[in-house]
Structure formats: structure tokens, C-alpha cells
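# Summary of structural features
One-letter residues, chain by chain:
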Amino acid sequence: MTAEQYLAARLRQALAEDPRTTELGVRVTVRGDHVLLSGDVASPGRRAELEAVIHDVAPELTVLDDVKVVPSDAPVGREELR
């Protein structure tokens, strides 16, 4: 493993273990002094917390955020199965 891969693994672990995020579904890629976050989250607040955790763990990195907010609202109406 390269140093970038170790750092990416450490950042993924931080996102999974930090109580602000407890996030397992976000991909983390490190290239030089940049970290790319990608995936889906349920709210803008969760997206902001991801960046905050990364900044806490590795403040020297520039975060490129490609995380999409995909609301998980309750279904509306009935679903018909055929």
C-alpha cells in the first residue's frame, strides 16, 4: 500500500467512527494534498460534517466534495404490485 492509500483508509475509519458522521458509504480518495469525497448522504448537514471530520483528522488536505444529498423521505401514496 502507498502512503496515500493508508491515509485514505485512516480517513474512512475516522468517518465511520466519528459520532458526527458514522458514515460507511462515502468513498475517500487521496491524491497528493487533496482528498476527494464521493457518494450519497441524506442531508446537507451530514455532508458538512463529513468535511469537518476530514479537516479535524487531516487539516493539511484540501477537500474536494462530490457528495450528493439524496433525501430519504417516506414514500407518498400507495405502491401497486402487479
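Our subject in this report is the structure included herewith. All values derive from a computational prediction rather than experimental measurement.

Below, the discussion takes up the overall build of the chain. Summing up its helical and strand segments, the chain has two helices and three strands in all. Order of helices (α) and strands (β) in the chain, N terminus to C terminus: α-β-β-α-β. Its C-alpha atoms give the chain a radius of gyration of 15 Å, more than 25% over the compact-globule value 12 Å for 82 residues. When its C-alpha atoms are laid out on the principal axes, the chain stretches across 55 × 25 × 20 Å.

Our next topic: helix 1 (residues 3-17). Since the α-helix packs 3.6 residues into each turn, any two residues three or four apart lie on the same face. An ideal rise of 1.5 Å per residue puts 21 Å on 15 residues; helix 1 measures up with 21 Å between its terminal C-alpha atoms. Taken together, the buried positions of helix 1 are occupied by Leu-7, Ala-8, Leu-11, Ala-14 and Leu-15. Take helix 1 and look down its axis: the buried residues cluster within an arc of 120°, on one side only. Away from the buried face of helix 1 by more than 90 degrees, exposed residues Tyr-6 and Glu-17 are located. Tucked into the core, helix 1 has its buried residues touching strand 1 (27-31), strand 2 (34-41) and helix 2 (44-57).

Residues Leu-11, Leu-15, Val-28, Val-35, Leu-37, Leu-50 and Ile-54 are the most contacted members of the largest nonpolar core, which totals 18 residues. Looking at this core, the elements that each hand over two or more residues are helix 1, strand 1, strand 2, helix 2 and strand 3 (62-69). Sorting elements by how many residues they give to this core places helix 1 first, with five residues. With residues near it in sequence (within four places) discarded, Val-35 still touches Leu-11, Val-28, Thr-29, Val-30, Ile-54, Leu-61, Thr-62, Val-63 and Leu-64.

Conventions we followed
Residues numbered from 1 in each chain as written. Predicted model: local features only at pLDDT ≥ 70, side-chain atom pairs only at ≥ 80, totals over all residues. Heavy atoms only, no water. Helix = DSSP H or I, 4+ residues; strand = E, 2+ residues; numbered from the N terminus. Rg over C-alpha atoms; globule rule 2.2 N^0.38 Å. Expected span 1.5 Å × (residues − 1). Buried < 20%, exposed > 50% of the residue type's maximum accessible area, 1.4 Å probe, protein only. Arc of directions from axis to C-beta. Contact = heavy atoms within 4.5 Å. Core = buried A, V, L, I, M, F, W, Y, C linked by side-chain atoms within 4.5 Å.

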